[in-house]
Amino acid sequence: MLKLGIIGVGNIGSSHVNNVRSGSCPEVVITAVADRRESRRAWARENLPGVQIFNEGSELIASGACEAVLIATPHYQHPTLAVEAFRHGLHVLCEKPAGVYTLQVREMIAAADEHPELVFGMMFNQRTNCVYRRMKEMIDSGEIGTLKRMSWIVTDWYRTQFYYDSGAWRATWAGEGGGVLLNQCPHQLDLLQWLCGLPETVHAFCHEGKWHDVEVEDDVTAYMTFPGGATGVFITTTGDAPGTNRLEITGTKGKLVCEHDVLTFEKLAVDEREWCVTCKEGFRKPDCERITVETDGKNPQHVGVLNAFAGAIAGGQPLVADGREGINGLMLSNAMHLSAWTGETVSLPIDEEKFYRLLMERCATSRHKEETDVTMDTSGSYGSKVK
């Protein structure tokens, strides 16, 4: 039985607690929690008898009360707490994003590498979704041919002003480090690079406070180029209702479309590149068959990630996502911000020192928000996306 400490029992942290309490993670027992808010510690005292409760994550880490930690705090704290945990001999499962800036995450990865005996996982629960897993299988096998184009419109992240006002850290450069890219979209950015690979260049437009009274981005459009010549577009916002979530990935042998949790493959009879140079008609397309792709139907989400983490520690089970992979989606997010801030096309890997400098300039003038004591039920937001 894995003795787990959870650092941060707010919105997402309390969901993890409830998953374990429900019996969905039979090899995990919560032995400690930490939260800076007294109301959340009171909630833990009422709902978690026998569990040790701490004010600070660092106190929990040093207590000896657990053998692994799940970090579910505001983003800037993720790498700092992970490094502390590794140095105390604890396994680490980190909520997304891995951090706010890649330089910080590199320190976390270095600490993990210093302790290869410890398991390091990322809570990329969308990788457990049967639709995305099937897409990856088809892309990796060459079934859709060579990548030509991808586009993802994910605008069903609607958030009210109440949401942004619910925490002093939310939607500020100093507290959160970004907006929709850092909070809502780490899963999509991870999936984008997991499925298509990291792009070579990014040119992005990040509109700050367009639809809400916030200082960070709540509306983003980015254009990407990939090795081999493929291109991509990523569009997201927290200001659209009802919004859209449609992912298209086009290869030389057809197109995958993921929408409303259904995966469709428009399969060409002939590779388009071959057809283009051999067809003797000017307007004719290759014959195409539209197929609804079957999956295994499994989508265990957070429970699947946590159970795999426990299995990896016990021995033999692969992680859903190694913690070291968390830097990839963050690199893409940082690239979008950097491009928007400079008005330039950015190459990956980015100039990490430049990004950090520009971020700190924004943090220096970041607005102060009064602390609130709001915890929201996030259970209804776990379908094809999270948080």
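Residues numbered from 1 in each chain as written. Predicted model: local features only at pLDDT ≥ 70, side-chain atom pairs only at ≥ 80, totals over all residues. Heavy atoms only, no water.

Caption draft 1: The arrangement of the sheet that holds strand β2 (residues 28-34) in detail. Taken in spatial order, the six strands of this open sheet run β3-β2-β1-β4-β5-β6, and their pairing is parallel. Unpaired on one side and paired on the other, β3 (52-54) and β6 (120-122) mark the two borders of the sheet. Sheet twist, expressed as the average angle between the axes of neighbouring strands with direction ignored, equals 25°. (Pairing = 2+ DSSP bridges. Helix = DSSP H or I, 4+ residues; strand = E, 2+ residues; numbered from the N terminus. Axes fitted to C-alpha atoms, helices over the stretch in contact; angles between N-to-C directions.)

Caption draft 2: How the structure looks around the packing of aromatic side chains. Across all of its chains, the model carries seven aromatic pairs by this definition. Centre to centre, the rings of Tyr-132 and Trp-152 are 6.0 Å apart; their planes meet at 50°, and the pair counts as tilted. A residue pair is termed long-range when its members are at least 10 positions apart, and Tyr-132 in helix α6 (residues 130-140) and Trp-152 in strand β7 (residues 147-154) qualify at 20 residues. With 5.2 Å between their ring centres and 80° between their planes, Tyr-163 and Tyr-164 make a pair best called edge-to-face. Take Tyr-163 and Tyr-164: they sit in the same class, and that class is buried. Through a chain of ring-to-ring contacts, three or more aromatic side chains come together here, namely Tyr-132, Trp-152 and Phe-234. (Phe/Tyr/Trp six-rings, centres within 6.5 Å; stacked < 30°, edge-to-face > 60°. Buried < 20%, exposed > 50% of the residue type's maximum accessible area, 1.4 Å probe, protein only.)

Caption draft 3: Highlighting the pattern of salt bridges. Overall, the coordinates contain 21 salt bridges when judged by the stated rule. The shortest N-O distance in the salt bridge between Arg-273 and Glu-272 comes to 2.7 Å. Linked through salt bridges whose partners overlap, the residues forming this network are Arg-246, Glu-248, Lys-255 and Glu-259. (Salt bridge = Lys/Arg side-chain N within 4 Å of Asp/Glu carboxyl O.)

Caption draft 4: Quick look at the pairing of strand β5 (residues 91-94). Residues of β5 alternate between two faces, with His-91 and Leu-93 on one and Val-92 and Cys-94 on the opposite face, all of them buried. Relative to β5, strand β4 (residues 68-71) is paired through four bridges, and the arrangement is parallel. Looking across to β5, one finds that Ala-68 is bridged to His-91. Read from β4 through helix α4 (residues 77-87) to β5, the crossover connection turns out right-handed. With three bridges connecting them, β5 and β6 associate as parallel partners. By the bridge assignment for β6, Cys-94 is matched with Met-122. Regarding topology, helix α5 (residues 102-113) serves as the crossover connection from β5 to the parallel β6, and that connection is right-handed. (Right-handed = clockwise from strand over helix to strand, strands pointing away.)

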